Amino acid sequence: MGAKLGIINLYWLVGTVWIGSFMGDQVWFWLGRRWGNKALARFPSAEVHASRVLRWLEKYGVAFILVFRFLYGVRNIASVAIGTSRMPWSRFLFWNFIAAGIWAWSFAGAGYLFGEAAAAIGEDGPKILVLSALAIGGLWLTIKSILWVRRRALAATNPAE
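Given the structure is predicted, the values throughout are model-derived calculations rather than measurements.

Draft legend 1. The arrangement of the overall build of the protein chain in detail. When helices and strands are counted, the protein chain shows 6 helices and 0 strands. Along the protein chain, from the amino end to the carboxyl end, the secondary structure elements read α-α-α-α-α-α. Taken against the 2.2 N^0.38 rule, which gives 15 Å for 161 residues, the C-alpha radius of gyration of the protein chain at 20 Å runs more than 25% over that of a compact globule. In terms of principal-axis extent, the alpha carbons of the protein chain reach across some 55 × 50 × 25 Å. Relative to its full complement of 161 residues, the protein chain shows a buried share of 26%.

Laid out in structure tokens, this is it:
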């Protein structure tokens, strides 16, 4: 929204987000390559998620690298898990750079369009859209919390599973 209003340059925004995303995932890949298997063995739940990521990487290959940033709950472990795979560093470097660009342009573009929508509504447009986003976020958080509580209650009643 700031880019649409002229507060920040869209190209500088995309560039910094692109490089930050790229570098962050490269560091996580390196950490996964260096210490991933030991670290995952210490955290069983992370190991389960990492094995799921590796199955997706095997099944979808480069397409998975291009989209994992957009998958809720996957991005946090994906680069580490890929680091534990046999994927060459240079291949991940190349596709990670492309994927970070796609992600940066997608989110900066969405923010830009959000700014256009806010301007189209009028003077109170930004307030209305922010309140709408907060309401949607609150609803999402409520649903996720209810589902989490139900899963915990179900696990407590069926401890053998």
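Read on for the rest.
Draft legend 2. Region of the structure containing the packing of aromatic side chains. Under the counting rule described, the total for this entry stands at 10 aromatic pairs. With 4.5 Å between their ring centres and 10 degrees between their planes, F29 and F92 make a pair best called stacked. One end of the pair, F29, is in helix α1 (residues 10-42); the other, F92, is in helix α5 (residues 89-121), and 63 residues separate them in sequence. One exposure class covers both F29 and F92, and it is buried. Grouped by ring-pair contacts, the aromatic residues W18, F22 and F97 constitute a single cluster.

Draft legend 3. Looking closely at the packing of α1 against helix α4 (residues 75-84). With their axes 6 Å apart at the nearest point, α1 and α4 run at an angle of 60 degrees to one another. Comparing the axis directions of α1 and α4 gives the class oblique. Between α1 and α4 the crossing geometry is right-handed. Contacts between α1 and α4 involve S21, D25, W28, F29, G32, R33, G36, N37 and L40 on the former and, on the latter, R75, I77, S79, V80, I82, G83 and T84. Tallied by class, residues from the contact of α1 with α4 come to 6 nonpolar, 7 polar and 3 charged.

Draft legend 4. Main features of a nonpolar patch on the surface. Together, I19, M23, V67, F70, L71, F94, F97, I98, I102 and F107 make up an exposed nonpolar region whose accessible area comes to about 850 Å². Contributing elements (two or more residues each) for the nonpolar patch: α1 and α5. By secondary structure assignment, the location of I19 is in helix α1. Judged by relative accessible area, which is 45%, I19 ranks as partly exposed.

Draft legend 5. Molecular detail of the confidence of the model for the protein chain. Per-residue confidence for the protein chain averages 84 on the pLDDT scale, and 90% of its residues sit at or above 70. Of all secondary-structure elements in the protein chain, the lowest mean pLDDT belongs to helix α6 (residues 125-157), at 84, while helix α3 (residues 62-67) reaches the highest, 91.

Draft legend 6. Representation of the nonpolar core in the model. Grouped together as the largest cluster of nonpolar side chains are 16 residues, with contacts concentrated most on V53, F64, I65, F68, I82 and F92. Mapped by element, the contributors of at least two residues to this core are α1, α2 (44-60), α3 and α4. In this view, F92 contacts D25, Q26, F29, I65, F68, S79, I82 and M87; residues no more than four positions away in its chain are not counted.

Draft legend 7. Inspection of α4 at higher detail. With 7 of 10 residues buried, α4 is to be regarded as a mostly interior element. Listed as buried for α4 are I77, A78, S79, V80, A81, I82 and G83.

Draft legend 8. Fine view of α2. Helix length check: α2 (17 residues) gives 24 Å between terminal C-alpha atoms against 24 Å at 1.5 Å per residue, within 8%. Regarding α2, the residues found buried are A46, A50, V53 and L57. What you see down the axis of α2 is that its buried residues fit within an arc of 60 degrees, all on one side. Facing away from the buried surface of α2 by more than 90 degrees, the exposed residues are P44, S45, R55, E58 and K59.

Each value, and the rule that gives it
- Residues numbered from 1 in each chain as written.
- Predicted model: local features only at pLDDT ≥ 70, side-chain atom pairs only at ≥ 80, totals over all residues.
- Heavy atoms only, no water.
- Helix = DSSP H or I, 4+ residues; strand = E, 2+ residues; numbered from the N terminus.
- Rg over C-alpha atoms; globule rule 2.2 N^0.38 Å.
- Buried < 20%, exposed > 50% of the residue type's maximum accessible area, 1.4 Å probe, protein only.
- Phe/Tyr/Trp six-rings, centres within 6.5 Å; stacked < 30°, edge-to-face > 60°.
- Axes fitted to C-alpha atoms, helices over the stretch in contact; angles between N-to-C directions.
- Parallel < 35°, antiparallel > 145°, perpendicular 65-115°, else oblique.
- Left-handed = near helix turned anticlockwise from the far one by under 90°.
- Contact = heavy atoms within 4.5 Å.
- Nonpolar A, V, L, I, M, F, W, Y, C, P; charged D, E, K, R; others polar.
- Patch = residues over 30% accessible without salt bridge, like charges linked within 9 Å, V, L, I, M, F, W, Y side chains within 5 Å.
- Areas by Shrake-Rupley, 256 points an atom, 1.4 Å probe, with all protein chains shown as cover.
- Salt bridge = Lys/Arg side-chain N within 4 Å of Asp/Glu carboxyl O.
- pLDDT = per-residue confidence, 0-100.
- Core = buried A, V, L, I, M, F, W, Y, C linked by side-chain atoms within 4.5 Å.
- Expected span 1.5 Å × (residues − 1).
- Arc of directions from axis to C-beta.

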